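Structural overview
So the chains spell out like this:
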Amino acid sequence: EFHMLDLYLGGSDRRCDGMSRRNFLRIGAVGSLSLATALQAQAASSGAAGSTSERKKHRAKSVILVFLGGGLSHHDSFDPKPDAPPEIRGNYKPIATSVPGLMVTEMLPRMARVMHKLALVRSGAHNNDHHETATNWVLSGRFGSAFGDFPAMGAVVAHETGFRGALPPYVSVPRNPSFTWELGKSAYLGGRYESFKTGDPNAPGFKVQDVAPAEELSARRTARRKNLLAAVDELAKKVEGNDAISTYDEFRQQAASLILSPEARSAFAIDQESAKLRDRYGRNTFGQSALLARRLVERGVKFVTVNFGGWDHHSKIWDGLKGRLPELDTGFSALME
């Protein structure tokens, strides 16, 4: 079933079960109620008076955001318009799904079998045709310029929840969305809340930067690194108020924690999964990214952005969808299962 986030916001007008109808919210997606507000409310309610069973009702622990950069054609995927005339319906036939009366196109046969696990929203729109501006709007929930005036949701989560344990709270797989430049950043929250970028988990011999022991260093290279570190430390003392400089030591400590933590190394060790399961997700960047995202949230990462770009097809939409939709169908359905 589709799990919702239950938030008890307090109040004196209570039902017989101790909860107030007026003050009880159920949120089924990252959307109208800002995620920062939701997290603050969750933290406030967990510290408020009430039984342990009430506090345990907060079921949503993590978010996996699958971001299809460029814009998926809903007409040719989840909204086939089966009752429209043939010239409007498009090239793909509609097929039945596990939800009575709900159809998707024939390009999504695996997704059709798991649609009862999803809440499909077809009414969202932003009416902005500029990639960077619209992407920042979608990722932050606030309209600004193309350059990311507001922090992405994952950065807000990192800010609100903090760093617990070795794993970072905000991870992007394989990297942040990008068109002309990188998107989904922390903006004015500062560098410490930027996403941790994993790289491509489908690459041969995949290893995450900073999560593998460093290679052996010769005495000369060790001395050179120490000199460089001393120079950077001296620079940091001279430059005040620069976030990148002031958080340097913090980043270095986090990297060291990742290297030394068996939990962190295990989280990123996608090769521990069986070959059969990896095949089920799809031996491509998106499929393995979805599998890695599952491993990360199982181990407590709060917000994972799975960046699956390449949907900006324009006049070659049929060629583009023919290559992209099967990967989405395989990887996303496996993730839902």
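Okay, so let's go over this structure. Numbering of residues starts from 1 in each chain and follows the order in which that chain's sequence is written. Residues qualify for local features only when their pLDDT is at least 70, as the model is predicted, and side-chain atom pairs are given and counted only at 80 or more; totals for whole chains, interfaces and linings, by contrast, use all residues. With hydrogens and water excluded, all non-hydrogen atoms of the structure serve as input to the side-chain values.

Quick look at the side chain of Asp79
By the element assignment, Asp79 lies in the loop between strand 3 (63–67) and helix 3 (86–89). Here, two residues are considered to be in contact whenever any of their heavy atoms come within 4.5 Å of each other. In this view, Asp79 contacts His74 and Arg122; residues no more than four positions away in its chain are not counted. Only DSSP runs of H or I covering at least 4 residues are called helices, and only runs of E covering at least 2 are called strands; the numbering of each starts at the N terminus.

Side note on helix 13 (residues 317–336)
Expected helix span is given by 1.5 Å per residue-to-residue step, counting one fewer step than there are residues. The terminal C-alpha atoms of helix 13, which comprises 20 residues, lie 26 Å apart, in line with the 28 Å expected from a rise of 1.5 Å per residue. Values of bend correspond, residue by residue, to the angle between axes fitted over the seven residues ending at that residue and the seven starting there. Within helix 13, the axis deviates most sharply at Arg324, by approximately 30 degrees, and proline Pro326 lies no more than four positions further along. Of all the residues in helix 13, the buried ones are Gly320, Leu321, Leu325, Leu328, Asp329, Thr330, Gly331, Phe332, Ser333, Ala334 and Leu335. Lining the buried residues of helix 13 we find strand 3, helix 4 (109–112), helix 11 (275–281) and helix 12 (285–298). Categorising residues by exposure relies on relative accessible area from a 1.4 Å probe, with only protein chains included: less than 20% of the type maximum marks a residue as buried, more than 50% marks it as exposed, and the intermediate range marks it as partly exposed.

Points about helix 12
Side chains of residues three or four places apart in an α-helix project in the same direction, reflecting 3.6 residues per turn. Between its first and last C-alpha, helix 12 extends 20 Å over 14 residues, near the 20 Å set by a 1.5 Å rise per residue. Here helix 12 lies mainly inside the structure; 10 of its 14 residues are buried. Those residues of helix 12 that sit buried are Phe286, Gly287, Gln288, Ser289, Ala290, Leu291, Leu292, Ala293, Arg295 and Leu296. Looking at the buried positions of helix 12, the neighbouring elements they touch are strand 3, strand 6 (170–173), helix 10 (262–268), helix 11, strand 8 (303–307) and helix 13. Under this definition, polar contacts are N or O atom pairs within 3.5 Å; protein pairs additionally need one hydrogen-donor-capable and one acceptor-capable atom, and for neighbouring residues in sequence, both atoms have to be side-chain atoms. In this structure Asn284 caps helix 12, since a side-chain oxygen of it lies 3.3 Å from the backbone nitrogen of Phe286.

A few points about the packing of aromatic side chains
Pairing of aromatic rings covers Phe, Tyr and the six-membered ring of Trp, with a centre-to-centre limit of 6.5 Å; geometry is then stacked below 30 degrees between planes, edge-to-face above 60, and tilted otherwise. Scanning the entire structure with this criterion turns up eight aromatic pairs. Ring centres 6.0 Å apart and planes at 85 degrees place the aromatic pair Tyr170 and Phe303 in the edge-to-face group. Here Phe303 lies in strand 8 and Tyr170 lies in strand 6, a separation of 133 residues in the sequence. For the residue pair Tyr170 and Phe303, the accessibility class agrees, reading buried in each case. Each member of the aromatic cluster is reached from another via a ring pair, and the members are Phe286, Phe308 and Trp311.

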